[in-house]
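# Fold and geometry: a report
Given next are the chains, with one letter for each unit.
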Amino acid sequence: MTFPPSAEPLPDVQRVLCVFAHPDDVDFGCAGTVAGWVDAGIEVAYLLITRGDAGGFDDTPRDRMPLLREAEQRAAASAVGVKQVDFLDGYGDGTVTPTVELRREITAAIRRFRPDRILTSSPLRRWERIAGPSHPDHLAVGEATTCAVYPDARNPFAYPDLHDLPAWTVREVWYTGGPNPDHAVDITDLFDRKLAALRAHVTQVSHVEGFVDVIRRRHGDVAARLGLPAGRLAEAYTIIRTG
Ligand SMILES: [Zn+2]
């Protein structure tokens, strides 16, 4: 199972909602793209399903981790100009599944923010590399978000307890971290802001040797694979129209 070739991005997007499992997901995959959208006048908001309570690499007291990571995600958002960052309660890092309750909460967020576009993690596993992008929380959030886009958010009869929030049709979904992404966004000129966002995730990245080189090489490889000129850096997606 894989994605079809990407659709052309919609030309008239005003609002984008980014839905991810953990603090740092949006920044590793997409912070350059998000910075470009903000610069273009698009309103971007983040919805985080967990506070990344299973993350970290040292002996920071575990009960402090969710608070630290929430603050890190807010700082990272601010580095790329995103002001609205919301967290759901009640979902534990490493235990997210695409339940109807999670779909209902994402549906409520969609109906409140009314995005033209959703950015989320791929619900399709990359079998050649099951670590990283194919973390089960990422797959679960991609699946639950896709179900919230269709049919939940657009169906006025879904979730009677949300009837005060009018139905809303999200027209386009961008997936990151999936198999064979074919839509490149050139982030070369936005790379410093992506790095600033990533550096805000101190509990996750401060121990990585040669961090800037690792990230630069990763996005240089993405650019090369998708045919951008030498020296360019890119983030890559699959784009699906939902109509
Ligand atoms: Zn993650």
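First things first, this report covers the structure right here in the doc. On a predicted model such as this, the values are computed, not experimentally measured, just so you know.

## Points about the environment of A144
- Following the sequence through the fold, A144 ends up in helix α4 (residues 136-152).
- Linking A144 and R74, residues 70 residues apart in sequence, is a C-alpha distance of 23 Å.
- In contact with A144, other than residues within four places in its own chain, are P98, L102, R103 and I106.

## Observations regarding the coordination of the zinc ion
- The protein atoms donating to the zinc ion are H22 (ND1), D25 (OD) and H138 (NE2), with metal-donor distances spanning 2.0 to 2.1 Å.
- Sequence spacing of the donor residues for the zinc ion, all on one chain, is H-x2-D-x112-H. Placement of D25 in helix α1 (residues 25-39) and of H138 in helix α4 is noted, with a sequence separation of 113 residues between them. Comparing D25 with H138, the two get one shared label, buried.

## Observations concerning the packing of helix α3 (residues 100-113) against α4
- In contact at an axis separation of 8 Å, α3 and α4 are set at 60° when each is read in the N-to-C sense. α4 is crossed by α3, and the crossing has right-handed handedness. Contacts from L102, R103, I106, T107, I110 and R111 in α3 reach A144, T145, C147, A148, V149, P151 and D152 in α4.
- Counted by class, the contact of α3 with α4 contains 8 nonpolar, 2 polar and 3 charged residues.

## Overview of the nonpolar core
- Counting residues in each nonpolar core, the largest one holds 37 residues, and the members touching the most others are C18, V34, V44, Y46 and L119.
- Elements with a contribution of two residues or more to this core: β1 (15-20), α1, β2 (43-48), α2 (65-79), β3 (84-87), α5 (191-199), α7 (211-225) and β7 (234-241).
- Element by element, the count of residues in this core is highest for α1, at 6 residues.
- Dropping the residues within four chain positions of it, Y46 is found in contact with L17, C18, V26, D27, V34, Q73, A77, V80, V82, Q84, V85 and D86.

## Brief notes about the sheet that holds β3
- The sheet built from 7 strands is open, its strands ordered β3-β2-β1-β4-β5-β7-β6 with mixed pairing. Among the strands making up the open sheet, the edge pair consists of β3 and β6 (183-186). Between one strand axis and the next, the sheet turns by 25° as a mean value, whatever way the strands run.

## Looking at the side chain of R103
- Tracing the chain through its elements places R103 in helix α3.
- Residues within four places of R103 in sequence aside, it is in contact with P98, A144, C147, A148, P151, D152 and Y159.

## Structural notes on the pattern of salt bridges
- Taken as a whole, this structure holds 15 salt bridges when the rule is applied.
- E70 is paired through a salt bridge with R74; the nearest N and O atoms lie 2.8 Å apart. Separated by 4 residues within a single helix, E70 and R74 lie in helix α2, roughly one turn from each other.
- The exposure class of E70 is buried, given its relative accessible area of 16%.
- Of the charged contacts, one joins D161 and R104 as a salt bridge, the two residues approaching to 2.7 Å between their closest N and O atoms. Separated by 57 residues along the polypeptide, D161 in the loop between α4 and β5 (172-176) and R104 in helix α3 bring together distant segments of the chain.
- Residue D161 is classed as exposed on the basis of its relative accessible area of 51%.
- Residue class for R104 comes out partly exposed when judged on its relative accessible area of 21%.
- Each of the salt bridges in this network shares a partner with another, and the network as a whole consists of R51, E70, R74 and D89.

Cut-offs applied
All residue numbers refer to positions counted from 1 along the written sequence of the respective chain. Whole-chain, interface and lining totals are the exception, using all residues; otherwise, since this is a predicted model, local features are given only for residues with pLDDT of at least 70 and side-chain atom pairs are given and counted only at 80 or more. To get the side-chain values, take all heavy atoms of the structure and skip hydrogens and water. In this description a helix means any DSSP run of H or I spanning at least four residues, a strand means any run of E spanning at least two, and both kinds are numbered starting from the N terminus. In what follows, residue pairs with any heavy atoms lying within 4.5 Å of each other are defined as contacts. Only nitrogen, oxygen and sulfur atoms qualify as donors, provided they sit within 2.8 Å of the metal or within 3.2 Å for Na, K and Ca; with water excluded from the atoms, sites may seem incomplete. In this scheme, a residue with accessible area under 20% of its type's maximum is buried, one over 50% is exposed, and one in between is partly exposed, where area comes from a 1.4 Å probe on protein chains only. Fitted lines through C-alpha atoms serve as axes, helices being fitted only where they are in contact, and the angles separating the N-to-C directions of these axes extend from 0 to 180 degrees. Note: crossing handedness is left-handed where the near helix turns anticlockwise from the far helix by less than a right angle, and right-handed where it turns clockwise. Gly counts as polar in this scheme, as do all residues outside two lists: the nonpolar Ala, Val, Leu, Ile, Met, Phe, Trp, Tyr, Cys and Pro, and the charged Asp, Glu, Lys and Arg. What is meant by a nonpolar core is a set of buried Ala, Val, Leu, Ile, Met, Phe, Trp, Tyr and Cys residues, joined one to another through side-chain atoms within 4.5 Å. Being paired, for any two strands, means DSSP has found at least two bridges between them. We count a salt bridge whenever a side-chain nitrogen from Lys or Arg sits within 4 Å of a carboxyl oxygen from Asp or Glu.

Shape is all these values report; function is a separate question.
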